[in-house]
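What the coordinates show
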Amino acid sequence: NSSDLSPSSFILASIPGLEAAHFWVAIFLCSMYIVAVTGNCAVLFIVKTEPSLHVPMYFFLCMLAAIDLALSTSTVPRVLSFYWFNNREISFGACLVQMFLIHTLSAIESTVLLAMAVDRYVAICHPLRHAAILTNAVTAKIGLAAMARGVLFFLPLPLLLLPLPFCGSRLLSHSFCLHQDVMNLACANTTPSVVYGLTAILLVMGLDAVLICLSYILILKAVLRLASWKERLKAFSTCVAHICVVLAFYVPLIGLSVVHRFGKDLAPLVHITMGNIYILVPAVLNPIIYGVRTKQIQKRILNLI
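Below: a short report on this structure. Keep in mind that this is a model prediction, so the values were computed, not measured. (Residues numbered from 1 in each chain as written. Predicted model: local features only at pLDDT ≥ 70, side-chain atom pairs only at ≥ 80, totals over all residues. Heavy atoms only, no water.)

Moving on to the overall build of the chain. The helix and strand inventory of the chain stands at 14 helices and two strands. For the chain, the C-alpha radius of gyration of 21 Å lies close to 19 Å, the compact-globule estimate for 305 residues. In terms of overall dimensions, the chain has C-alpha extents of about 70 × 45 × 35 Å along its principal axes. Put simply, 80% of the contacts in the chain that link residues at least 6 apart link residues at least 24 apart. When the accessible area of the chain is evaluated, it comes to approximately 15,000 Å², of which 72% is carbon and sulfur surface. Distance between charge centroids for the chain: 15 Å, based on 19 positive and 11 negative side chains. (Helix = DSSP H or I, 4+ residues; strand = E, 2+ residues; numbered from the N terminus. Rg over C-alpha atoms; globule rule 2.2 N^0.38 Å. Contact = heavy atoms within 4.5 Å. Areas by Shrake-Rupley, 256 points an atom, 1.4 Å probe, with all protein chains shown as cover. Lys, Arg positive; Asp, Glu negative; His and termini not counted. Charge placed at Lys NZ, Arg CZ, Asp CG, Glu CD.)

This next bit is on the packing of helix H2 (residues 22–49) against helix H13 (residues 268–293). Look at H2 against H13: their axes get within 8 Å of each other, and the N-to-C directions meet at 40 degrees. Here H2 is positioned oblique relative to H13, judged by the angle of their axes. In terms of crossing hand, the pair formed by H2 and H13 is left-handed. Packed against H2, whose contacting residues are Leu29, Met32, Tyr33, Val35, Ala36, Gly39, Asn40 and Val43, the element H13 presents Asn276, Leu280, Val281, Ala283, Val284 and Pro287 at the interface. The residue inventory of the contact of H2 with H13, partitioned by class, reads eleven nonpolar, three polar and no charged. (Axes fitted to C-alpha atoms, helices over the stretch in contact; angles between N-to-C directions. Parallel < 35°, antiparallel > 145°, perpendicular 65-115°, else oblique. Left-handed = near helix turned anticlockwise from the far one by under 90°. Nonpolar A, V, L, I, M, F, W, Y, C, P; charged D, E, K, R; others polar.)

Here the focus is the packing of aromatic side chains. Applying the stated criterion across every chain, the model contains six aromatic pairs. Geometrically, the ring pair formed by phenylalanine 249 and tyrosine 250 is edge-to-face, given 4.9 Å between the ring centres and 90 degrees between the ring planes. The exposure class of phenylalanine 249 is buried, given its relative accessible area of 3%. The class for tyrosine 250 is buried, based on a relative accessible area of 10%. (Phe/Tyr/Trp six-rings, centres within 6.5 Å; stacked < 30°, edge-to-face > 60°. Buried < 20%, exposed > 50% of the residue type's maximum accessible area, 1.4 Å probe, protein only.)

All right, on to the side chain of serine 110 then. Relative to the elements of secondary structure, serine 110 occurs in helix H5 (residues 92–125). Given a relative accessible area of 0%, serine 110 falls into the buried group. A polar atom in the side chain of serine 110 sits 2.7 Å from the side chain of tyrosine 250. The contacts of serine 110, once residues within four sequence positions are left out, are Val204, Met205, Asp208, Phe249 and Tyr250. (Polar contact = N/O pair within 3.5 Å; in protein donor to acceptor, adjacent residues only side chain to side chain.)

Scanning all chains against the criterion turns up two disulfides. One disulfide bridge connects cysteine 95 with cysteine 177, the sulfur atoms lying 2.0 Å from each other. Looking down the S-S bond of the cysteine 95 and cysteine 177 bridge, the torsion is -120 degrees, so its handedness is left-handed. Here cysteine 95, found in helix H5, pairs with cysteine 177, found in the loop between helix H8 (156–161) and helix H9 (179–183); they are 82 residues apart in sequence, far enough to count as distant. (Disulfide = S-S within 2.5 Å.)

What follows covers a nonpolar patch on the surface. A grouping of Phe23, Trp24, Ile27, Trp84 and Phe85 is seen on the molecular surface, where their side chains present a nonpolar patch of about 580 Å² in accessible area. Put simply, the parts of the chain that give the nonpolar patch at least two residues each are H2 and helix H4 (76–85). The element best represented in the nonpolar patch is H2, accounting for three residues. With respect to the element layout, tryptophan 84 can be found in helix H4. (Patch = residues over 30% accessible without salt bridge, like charges linked within 9 Å, V, L, I, M, F, W, Y side chains within 5 Å. Salt bridge = Lys/Arg side-chain N within 4 Å of Asp/Glu carboxyl O.)

Here it is in structure tokens:
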């Protein structure tokens, strides 16, 4: 009947065999979420109140913190509701909205990471022109372009799923909604959705990763042309925090993609764990990495404490 073809809800995945431990799993996820919210809010507050940090590098860091807050907030409270109150069902509309937010915010974060790589390239390879090239106005335009790019590329994903019939299982592989996960439950031809999803990922995250690698190749060539090892280490040390943040974003993203593509026979625990890592680990690590690597942020944090 029509209710079978257009499901009112999907069922979020639980960890088989660990139902009795859901309360403690939720405590752990909630703790990570609190750390992520506290750390990213601290970064936003410190950059806002410290005039010396009103430069493109830290404005990009604020964008990253805001994205991490939005991404974790769009998923973790719903996951906690599931683990604490056994609220396993998520409505079809809410699932599509959550899916859109996750993929769009991830695309925006990828674009901001690319912008930060370009910022490091200009600062090291063209230091005298850095202030003229990356002004505050240019930084704001880059942020708006990142938002527009994410929305335009990933808005079609839920629209392509909206008319599809779902006449089989409603059980998802994660505790939240992802495009490929929802698409696999459809009982119709999903080729347009598969092709568009893969194209969007390659043109956004894939292209950004290639350009970030290219920027660091150019940075490395410029650093190696410096006279002494001390100067080389000093110049490259300004990129360490960004490299760690890039790895914290792309490693879980690639791992989740590999699990979806080749891990159909893996235990549900692997899918759920990789999904939670993808959502929470970058949001937790990013403020910690920049807090450890940036003396101005360290000093402000100590003053706040």
